[in-house]
Each structure stands twice: as C-alpha cells, then as structure tokens.
Amino acid sequence: MKLLISSLLALSSFSAFAQDLIQVERVEYKRNDTSFCTRPVEMVDTIVLHHSETPSTSTPEFINQLHLVRGTPADPWYMIGYSYVLNAPYPGETGPRARMTEGRPLEIVGAHAGSSAFVPMDEVQLRLWDEGKIVCGKEGGLFKVDPAQLRDGKIKANVTSIGLVVVGNYAPFSRENPNGYSPSNPRYPTANTIDMLARMSCQLQRKYPRMRYIKWHSYYHATTCPGNIKDFIGKIRAKSKEYGCEFN
Amino acid sequence: MRVQLALFGFVFTLTGAFGSTDRSMAELFHKYDQVMLHKKVELVDEVFSQKFLKENGGKAEFVSKVKGLPPVTNKSLLPVPKVRWKKGESDKLFLARLRDLNPRNKAKKEQHGTEFIVVEEAGKLKVDGTLSDGE
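Criteria and thresholds
- Residues numbered from 1 in each chain as written.
- Chains lettered and ligands numbered in written order.
- Predicted model: local features only at pLDDT ≥ 70, side-chain atom pairs only at ≥ 80, totals over all residues.
- Heavy atoms only, no water.
- Helix = DSSP H or I, 4+ residues; strand = E, 2+ residues; numbered from the N terminus.
- Rg over C-alpha atoms; globule rule 2.2 N^0.38 Å.
- Buried < 20%, exposed > 50% of the residue type's maximum accessible area, 1.4 Å probe, protein only.
- Contact = heavy atoms within 4.5 Å.
- Areas by Shrake-Rupley, 256 points an atom, 1.4 Å probe, with all protein chains shown as cover.
- Phe/Tyr/Trp six-rings, centres within 6.5 Å; stacked < 30°, edge-to-face > 60°.
- Lys NZ or Arg CZ within 6 Å of the ring centre and 35° of its normal.
- Disulfide = S-S within 2.5 Å.
- Buried area = accessible area lost by both parts, 1.4 Å probe.
- Salt bridge = Lys/Arg side-chain N within 4 Å of Asp/Glu carboxyl O.
- Polar contact = N/O pair within 3.5 Å; in protein donor to acceptor, adjacent residues only side chain to side chain.
- Nonpolar A, V, L, I, M, F, W, Y, C, P; charged D, E, K, R; others polar.
- Axes fitted to C-alpha atoms, helices over the stretch in contact; angles between N-to-C directions.
- Parallel < 35°, antiparallel > 145°, perpendicular 65-115°, else oblique.
- Left-handed = near helix turned anticlockwise from the far one by under 90°.

(A) Quick look at the overall build of chain A. A tally of helices and strands in chain A yields six helices and 11 strands. A compact globule built from 248 residues should have a C-alpha radius of gyration of about 18 Å, and chain A, at 19 Å, falls within 12% of that. Expressed along its principal axes, the backbone C-alpha trace of chain A runs to roughly 55 × 55 × 35 Å. Sorting the 248 residues of chain A into buried and exposed places 55% on the buried side. Taking as baseline every contact in chain A between residues at least 6 positions apart, the subset at least 24 positions apart corresponds to 77%. Accessible area of chain A: about 11200 Å², with a carbon and sulfur share of 55%.

Here it is as structure tokens:
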C-alpha cells in the first residue's frame, strides 16, 4: 500500500513537472507600506528582459532589499520591481545554481521599464483601462484609477509588461559599471540561460496567451541594460518556438 | 599635493552641513573617481569592498581593468562628483547615485546617474557594486 501511494505521488509530481517548462521557486519578500497599482494579467502583453548589474550570485531577496530603498522617502517602492528573477552561472562557471524565482506578483504593476516610458494600448488594454481595472492604492486602503498612468492616450510601459531579470552583469567595464566584464573578454549568456528565458517566456504565454512580445530594457529608454543579452533576443524567441510559442 | 588638499577641503566644505555620512560618501566617491578616471589604483582597497574585489576576479584583475580604461579627455567634468544617497534597512547598506559623465539621455537630466551599492566594511564606506536602473 505504502509503495502504491508513493508511486502515485511520484507519478503526480512527474506529470506536474511534465506540464511545466520550468520550475519557478518562491521566496518571501519584505514589502514597504506604500502605494502600488494592480491590473488584470490580461493587461500584460510584453516580457521585458533586464540584467541586474550585480554579481550573478545576488539573491532575489538581496535585490528586493535594494529595491525597497528606491523611490522617494514619501513614496518608496513597494517591493522588488521584477516579476521573475533568473540566477544562472556565467560561461565557464559552475555557480550559482540555475534557478528561476518569482518576484513581484503578475497582478501588481512592476517597476522596471522606466516610469517615463509610455506605450500605445490595444483594444483589450483600452477596454480594461476604460473599465477602471487598473487601480492604485495602499494595502488595506481605497484603490482608485490613477490618471498619471496615462499620457497622450498611451499607458505606462510597466502596466502592460512584466520584468524578467537575469542576475549578473552583461555590459562592459566602465566608471559607471565597475562590475562589468573586461572589454577583452566579453560576457554572453550561456545556452542554458537562453533556454531558461525561452522556457519561462513560453510558460507564461501558455498560461496568458496575450503575452506575445519579448523586449529588452533599452528598448524603452537610454540604458545599458540588459547588456549583451539584448543581442540574444532573437535566439530566445526562436528557442521559445521550439516549445510551441510565438513571440515578436 | 596642495591641490589635492584644497580639493578635499572643498569637498568637505560642500558637504559639511549634511553630517558625517554625507562627508564619508563624498570622500568615497571622490576617491572612486580618482581610481576610475585618474587610475590611482593604490586607492582600490580604500574604495572597494573585499567582497566586490573577490567577485570581480581579485584585486589584480580589477586593477588591470581600470588601467585599460580610456583616458579622461574632458577634465572640466571633474573633480567633485555629485552624490545622492539613501540608507537601506540595515545601517551598513546604502544606495548612492552618482552623476554619469556621459549622460545616456540628455532630455532627462534628473535621471542621469549610476546607482551604487555601498556597504560599511570595518567602519568605512566601500563601493560594493552597482544596480541596474529601472523604475
């Protein structure tokens, strides 16, 4: 009987694993007592790739700790700005352990693409906005529509996207980037990192079919983020196709 | 030497009203620019945390990267770095924003800057890395 139960358990965990393209770990994050915005996940159509600029070994909790300091004293960030955090080793290295961790919940508008980046809305997004489904407020308080999310008929890119960060630094060394790689030894994401990004993107699209774009931080404003990962967006899209997904 | 002393004096005068952390932060980033712009690599241990140096392949490798940086041509941008900082939950963790020498987006001056992770190590502030921008 014991054997039967353990076999059934093993089988069910295997089938759960077979359904998922990637296992996503969860950690506890401290949050600031501050305002944030919520949205239906249907509002999201874009996955934005970032690099953290920190060492590849930085934990999601550490990034959260730093993001809690961001913002103004009157309006600090709610929690980590990214929705997913990928830890993966640099080429030729064995650590850290490759793992994907959940960051800010998808239903909470992220902080990653740049608050001054605005994008046009499609019909679905426009309807959700008009229905007052994107609201802002504080935990336990009144949530209401914030007109500052719109400018000239466009909406903040953070509202229609999620941030997926690769922990590490994929940009060259400079005064502004002392963690960067030596120009004589450029750093690129490994095949496994590309694969994990494609799996994560595809897994999201399977659950939320409206997610159909993969973009990168510097698409929205002038920044060196995500370094050389930007050159691999085409490969990530192509790899996701192998898992049955389609991204532009 | 006299110029250096005058420079430090200027930095301290500028920040004197804002408390000891302001002074320490200004001094740290003055030294930071001495390393990164003027290649005074003898200051590396005073500026960077041991953890940072270890994560970047060790002091020797870091120094070779500094020496490989192109020389500074626009000296009018120097020498006093403008630093804004905030303390983290822990008394030993700070985020400091330093103005970029080559602004990435000239239309948004207020957003120019690199965000540095600063830690307290053996009672002194040290640069521990940077954090990618984003809002």
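(B) Looking closely at the packing of aromatic side chains. All told, the structure shown has 15 aromatic pairs over all chains when counted by the stated rule. Geometrically, the ring pair formed by tryptophan 85 of chain B and phenylalanine 94 of chain B is edge-to-face, given 5.8 Å between the ring centres and 75° between the ring planes. Put simply, the rings of Phe173 of chain A together with Phe29, Tyr32, Phe48, Phe52, Phe62 and Phe116 of chain B touch in pairs and so form one group of aromatic residues. Directly above the ring of tyrosine 219 of chain A sits lysine 215 of chain A, whose terminal nitrogen or CZ lies 4.5 Å from the centroid.

(C) Up close: the state of the cysteines. Residues and elements named next belong to chain A. Within the structure shown, the criterion is met by two disulfides over all chains. Here cysteine 37 engages in a disulfide with cysteine 136; their sulfurs sit 2.1 Å apart. Judged by the sign of its S-S torsion, about 95°, the bond between cysteine 37 and cysteine 136 is right-handed. Separated by 99 residues along the polypeptide, cysteine 37 in strand E2 (residues 35–38) and cysteine 136 in strand E7 (residues 135–138) bring together distant segments of the chain. Here cysteine 202 connects covalently by a disulfide to cysteine 245, the sulfurs 1.9 Å from one another. With the S-S bond torsion at 80°, the cross-link from cysteine 202 to cysteine 245 turns out right-handed. Of this pair, cysteine 202 sits in helix H4 (residues 191–207) while cysteine 245 sits in the segment after helix H6 (233–242), and the two are 43 residues apart along the sequence. Neither cysteine 202 nor cysteine 245 differs from the other in exposure class; each is buried. For chain A, the bonded cysteines pair up as 1-2, 3-4 when numbered in the order they occur along the sequence.

(D) Seen up close, the interface of chain A and chain B. Listed per partner, the contact involves 40 residues of chain A and 37 residues of chain B. Per-residue buried area on chain A facing chain B is highest for Arg70, Phe173 and Arg175 of chain A; these three make up 25% of the total on that side. Linking chain A to chain B there are three salt bridges. Glutamate 115 of chain B is the partner of arginine 70 of chain A in a salt bridge, and the nearest nitrogen-oxygen pair spans 2.5 Å. Counting every contact that joins chain A to chain B gives 16 residue pairs in polar contact (both at pLDDT 80 or more). Ranked by residue count, the leading element in the side of chain A that touches chain B is helix H2 (residues 60–67) of chain A, at four residues. Counted by class, the side of chain A that touches chain B contains 13 nonpolar, 22 polar and five charged residues.

(E) Geometry of the packing of H4 of chain A against H6 of chain A. All names here are of chain A. Closest axis-to-axis distance for the H4/H6 pair is 8 Å, and the angle between their directions is 60°. With respect to their mutual orientation, H4 and H6 come out oblique. H6 is crossed by H4, and the crossing has right-handed handedness. Only Lys235, Ile236, Lys239 and Ser240 of H6 make contact with H4, whose side of the interface consists of Ile194, Asp195, Leu197, Ala198 and Cys202.

(F) Inspection of the pattern of salt bridges at higher detail. All names here are of chain B. A complete count under the given rule lists 21 salt bridges over all chains for this structure. Lysine 51 is the partner of aspartate 128 in a salt bridge, and the nearest nitrogen-oxygen pair spans 2.9 Å. Taken as a pair, aspartate 128 in strand E4 (residues 124–131) and lysine 51 in helix H4 (residues 50–55) lie far apart in primary sequence, 77 residues in all. By relative accessible area, lysine 51 is classed as partly exposed at 42%. The salt bridge involving arginine 97 is made with glutamate 115; its shortest N-O contact spans 3.8 Å.

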